[in-house]
Amino acid sequence: MAWFFSLLLIMISLVSYVRATVEPTDVPDELTWNFHVAQKKTSMSNTPASAIQAWCTNVYKWQYDSIVHGGRNASTGTRQLVNYLSDQVHLSVHRSGHVKRQAAPSGPKRRRKEIRMLSEKELDLYFRAVRAAKANTTTTPNVYEALAEFHTGITSISAHGGCNFFGWHRVYLLMYENMLRDQGPEFAEVTIPYWDSRLEARMDQPTSTVLFTDRLLGTGSGEATGGILGSGWSTSAGPLVRNIGTDGPPMTDEAIVNVTRMTRMREICGADSAIESDLEFHHNGIHRWVDGQMAMLQTSALDPAFWSHHTFIDFVWEAFRMNSQRNGVNTETDYPENPTTMGAAELHAPDAALGFAEMTVIDGLSNTFTTEIYEYDPPPTCSVQNPDCGSKYLKCVVFRDNAHCVSSTLAEVVQWEIDQTRLTTVASTLPTRPSTASPSICSTPTVPALYSEHDKPYQNHYCLNGKSDIRQWVYIPVKVIYRRPPEYQSYGSYPIYNGKSSRTNDIYSPGAYTQVHQYLKNGQPAKYDKCAEGDKRISSVYIKSIGLNYDGIYKEYAIVDRRIAITESTAYIAVKNPAMESTLALIQATDSCGRVCRPVCKKPKSNIYRPCSGAVRLTSAFPRRYGTDFGNAVMDIWDFISDKTCPQFNTENVVIAFNCDFQTDWFWPTKQPPVQQSVPPGHVIYKRGKVPGPVTRQAPHVEAGPIHNKVTGVPGCDLGYGCLVSKPCAVLSQEGKDTGLCSTLQYECMNSCHMYAKCWYGKLYVQQCNRGMRYDPSSLKCVPGMCDYSHSSKGLPRA
Ligand SMILES: [Cu+2]
């Protein structure tokens, strides 16, 4: 028996030496490079830290969400649809464009209007066109989603994080508009309405906008329904979800003015632009403001709000271009020398592939789009003399001698409709018998009760690597240490001395107690113009987990008490279940004003929390420090066994906490990025090999995945786009993970002498040599040589 106990003892001692299964870890180097770059551009006193954090993290995610690291590649259906639609756009630009003027594009110039300026008939037509595309299953899963799916994978960093952002999205929007027009003869003239989110930014409470109700874009909190969405909107990433107002500001007047008063493209994008006039940076805020699928690049286009938001960004870019032209700048050739802020410069080079058809980045700057194909109606305005915005969804707010349009709330729209009915009733009774009796009106329609900010449920979409299911997630407890924010002046509960109340400080204010105050001095970090919760006693701290080795975001909020000098709160946040493979996730916390809370992690076997990166690693080893579901996580930190009458708080399992201390010193880890290798001269890169679509010739029908080399019998990997590499996918994936090695790697495509695959930031890109060139595997370059490929575009004007 003794041997049994000694074995037991050994086992127990072993268990305590097993590494903790939720442990703090460093963020990847590449993310520290982004923080380094951001630190040079801005500061926490200047820009809301939540926006800085999201910017650096998103660019990192795009760079590493790759075909080698499990990022999704576009399906054959999507590629065929994209080829068909991009050929159409390419043709219409060429037909009338600066490249070769042949004939004017058919049909009248399209007019895009602010969504609230559409007539009821136009709104209905647009909504029906979108729903028709969603119901059209000629491409799997449907035409709408097939196109939306293209906003992912390898297009991520060539279309985002740099100056190609504008041209790429301009073409993508046209493709979407054309796709809607293809849904039937009645939709032949439909255009995308733009969403001018300044109309929300100007509201006292932007979340109460009528735009996110069943009148227009559908509801904005939780599972979205109504309006354009009809009875619901299921997507490949679960039901469409939104949580408007939980992060990110809508576009402000100030931001738009900062962009449109510029004249050179280098001032609004790329390494040399100031953050205040960086249009892509401002555009990010709306993605976070809508939240849900909109917050993630891979899924954002699944939300119809995406298209209207991007159409507005395109409108702002156009306003900038007009200003440039007025100042004598050639907007077709003016392109920055350093077109990206955080790497990937070669993918944004003027002669790099735009990402569609055979167009290059510089083709995206063509004037033809807006001189021949479409134009914008100006945004709604009003004046003191004429305080009418021309839409029931808008109201004119007059302040002294200033007036501007602001979005109405649903209640205001309903009231307007009641008033209209009353007026019509009065009018119709007037000719016969003027009456003093009040006209009968319809009973007041019920307006759904709005949640107050804190009652709003936060709805996650549980989408992980493209699959939406709560069972893929596990929960970890997170502690929030929150101090009274600088703007919370008074709770209004005052001390009384000698029968007289003192109004200098309320009883909870740290300012009232020197011994507390010396530790709790706040800085003035930048915050959003409008915080979701104003100056209330209760507030929320949003905690987000971002997958570093998986695709997925989870968000939750902790409720905090703003009255008290310093308090503590707990939330449970989900990350990928590490059962099959360890989980790497980055946890971040921000308050409702866009200020960040600093991560602190518990030192092993102690109760001391020290600053850390916020990144955690989870393994399935014991002792587990996560709950396989929410209930489990609660039981992990609440001990009901030790004392059945009073549950005990077990801090042992709370590995990560957030310190919301309102300071302005930079805390994100930064490292100087290595110098990027420049592209060899004369070597034009076509990142995306053209996959022949249904219009040109038969698609080779290949899916990314393992294949067998028919010649050598060696297993290889099909990267898609007609490129087969003679190494197994698993080997490519392994090699790509080595950042040092990655930048030196190139692979020959076995089945095509003019294509090769290049590793960049852990991703494999299928690239294509120029016409008349073939890929030479020995020199790793495109060299002149016979390679019959007649589809590459000719040299186009360079900046
Ligand atoms: Cu985009």
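Residues numbered from 1 in each chain as written. Predicted model: local features only at pLDDT ≥ 70, side-chain atom pairs only at ≥ 80, totals over all residues.

Per an unreviewed UniProt entry, the protein chain goes by Tyrosinase copper-binding domain-containing protein and derives from Potamilus streckersoni.

Undergrad: Pulling in residues and values, what's your account of the overall build of the protein chain?
TA: Broken down by element type, the protein chain carries 18 helices and 32 strands. For the protein chain, with 799 residues in total, the buried portion stands at 49%. Partitioning the intrachain contacts of the protein chain with sequence separation of at least 6 by distance along the chain shows that 68% fall at a separation of at least 24. (Helix = DSSP H or I, 4+ residues; strand = E, 2+ residues; numbered from the N terminus. Buried ≥ 20, exposed ≤ 12 C-beta atoms within 10 Å, placed from the backbone. Contact = placed C-beta atoms within 7 Å.)

Undergrad: Explain helix H16 (residues 630-637) to me, and be specific about the residues and the numbers.
TA: The complete set of buried residues in H16 reads Ala-633, Asp-636 and Ile-637. The arc that holds every buried residue of H16, seen down its axis, measures 80 degrees, which confines them to one face. Elements that come into contact with the buried residues of H16 comprise strand S12 (473-483), strand S17 (566-576), strand S22 (638-639) and strand S23 (648-649). (Arc of directions from axis to C-beta.)

Undergrad: Give a detailed account of unusual backbone geometry, specifying residues and quantitative values.
TA: Following Thr-140, the chain continues into Pro-141 via a peptide bond in cis, with omega recorded as -10 degrees. Tracing the chain through its elements places Pro-141 in the loop between helix H5 (120-135) and helix H6 (143-148). Even without a glycine there, the phi angle at Asn-465 is positive, about 45 degrees. Using a count of 14 C-beta atoms within 10 Å as the deciding quantity, one classes Asn-465 as partly exposed.

Undergrad: Run through the UniProt feature "domain: Tyrosinase copper-binding" (unreviewed entry) in the protein chain, naming residues and quoting values.
TA: On the UniProt side, "domain: Tyrosinase copper-binding" (unreviewed entry) is annotated at positions that read residues 160-177 and 303-314 here. Structurally, residues 160-177 comprises 78% helix and 0% strand, and the distance from its first C-alpha atom to its last is 21 Å. (UniProt positions renumbered as here; feature names shortened; annotations may be inferred.)

Undergrad: Give a description of the nonpolar core that names residues and reports values.
TA: If you look at the biggest cluster of nonpolar residues, it comprises 168 residues, and the most contacted ones within it are Leu-147, Val-478, Val-480, Val-541, Ile-543 and Ile-573. With 11 residues, helix H8 (residues 164-181) is the largest single contributor of residues to this core. Both domains that furnish three or more residues to this core are identified here as domain 1 (20-40 + 466-486 + 528-660) and domain 2 (73-376). The residues contacting Val-478, other than those within four sequence positions of it, are Ile-543, Ala-571, Ile-573, Ile-587, Ile-656, Ala-657 and Phe-658. Formed by 14 residues, the second largest nonpolar core is a distinct cluster that contains Leu-724, Cys-729, Leu-732 and Ala-757. (Core = buried A, V, L, I, M, F, W, Y, C linked by C-beta atoms within 7 Å. Domains from an automatic or database assignment.)

Undergrad: Can you lay out the packing of helix H11 (residues 279-290) against helix H12 (residues 305-326) for me, pointing to particular residues and giving the numbers?
TA: Helix-helix packing: each pair is described by the crossing angle between the helix axes and the interaxial distance. The geometry of H11 relative to H12 is characterised by a closest axis approach of 11 Å and an angle of 160 degrees between their N-to-C directions. Put simply, H11 runs roughly antiparallel to H12. Between H11 and H12 lies a crossing of right-handed hand. Between H11 and H12, the contacting residues are Leu-279, His-283, Ile-286 and Val-290 on the first element and Ala-305, His-309, Ile-313, Val-316 and Trp-317 on the second. Here the contact of H11 with H12 is composed, by residue class, of 7 nonpolar, 2 polar and no charged. (Axes fitted to C-alpha atoms, helices over the stretch in contact; angles between N-to-C directions. Parallel < 35°, antiparallel > 145°, perpendicular 65-115°, else oblique. Left-handed = near helix turned anticlockwise from the far one by under 90°. Nonpolar A, V, L, I, M, F, W, Y, C, P; charged D, E, K, R; others polar.)

Undergrad: I'd love a proper account of helix H17 (residues 729-737), names of residues and values included.
TA: Taken together, the buried positions of H17 are occupied by Cys-729, Leu-732 and Gly-736. Seen from one end, H17 has its buried residues packed into an arc of 60 degrees, which puts them on one side.

Undergrad: Describe the environment of Gly-716, and please don't skip the residues or the numbers.
TA: As for its placement among the helices and strands, Gly-716 is situated in strand S26 (residues 715-720). The exposure class assigned to Gly-716 is buried, which follows from the 23 C-beta atoms found within 10 Å. A sequence separation of 12 residues divides Gly-716 from Pro-728, and the C-alpha atoms of the two residues are 4.3 Å apart.

Undergrad: Break down the packing of helix H10 (residues 253-260) against H12 for me, citing the residues and quoting the values.
TA: The N-to-C vectors of H10 and H12 enclose an angle of 40 degrees; their axes lie 8 Å apart at closest approach. Here H12 runs oblique to H10, going by the angle between their axes. Residue-level inspection shows Ile-256, Val-259 and Thr-260 of H10 in contact with H12, the latter providing Val-316, Ala-319, Phe-320 and Asn-323. Class assignment of the residues belonging to the contact of H10 with H12 gives a composition of 5 nonpolar, 2 polar and no charged.

Undergrad: How would you explain the environment of Asp-334 if you had to name every residue and give the values?
TA: In this structure, Asp-334 sits in the loop between H12 and helix H13 (368-373). The partly exposed category is assigned to Asp-334, around which 16 C-beta atoms lie within 10 Å. Each C-alpha atom of the pair Asp-334 and Arg-266 lies 8.4 Å from the other, and the pair is 68 residues apart in sequence.

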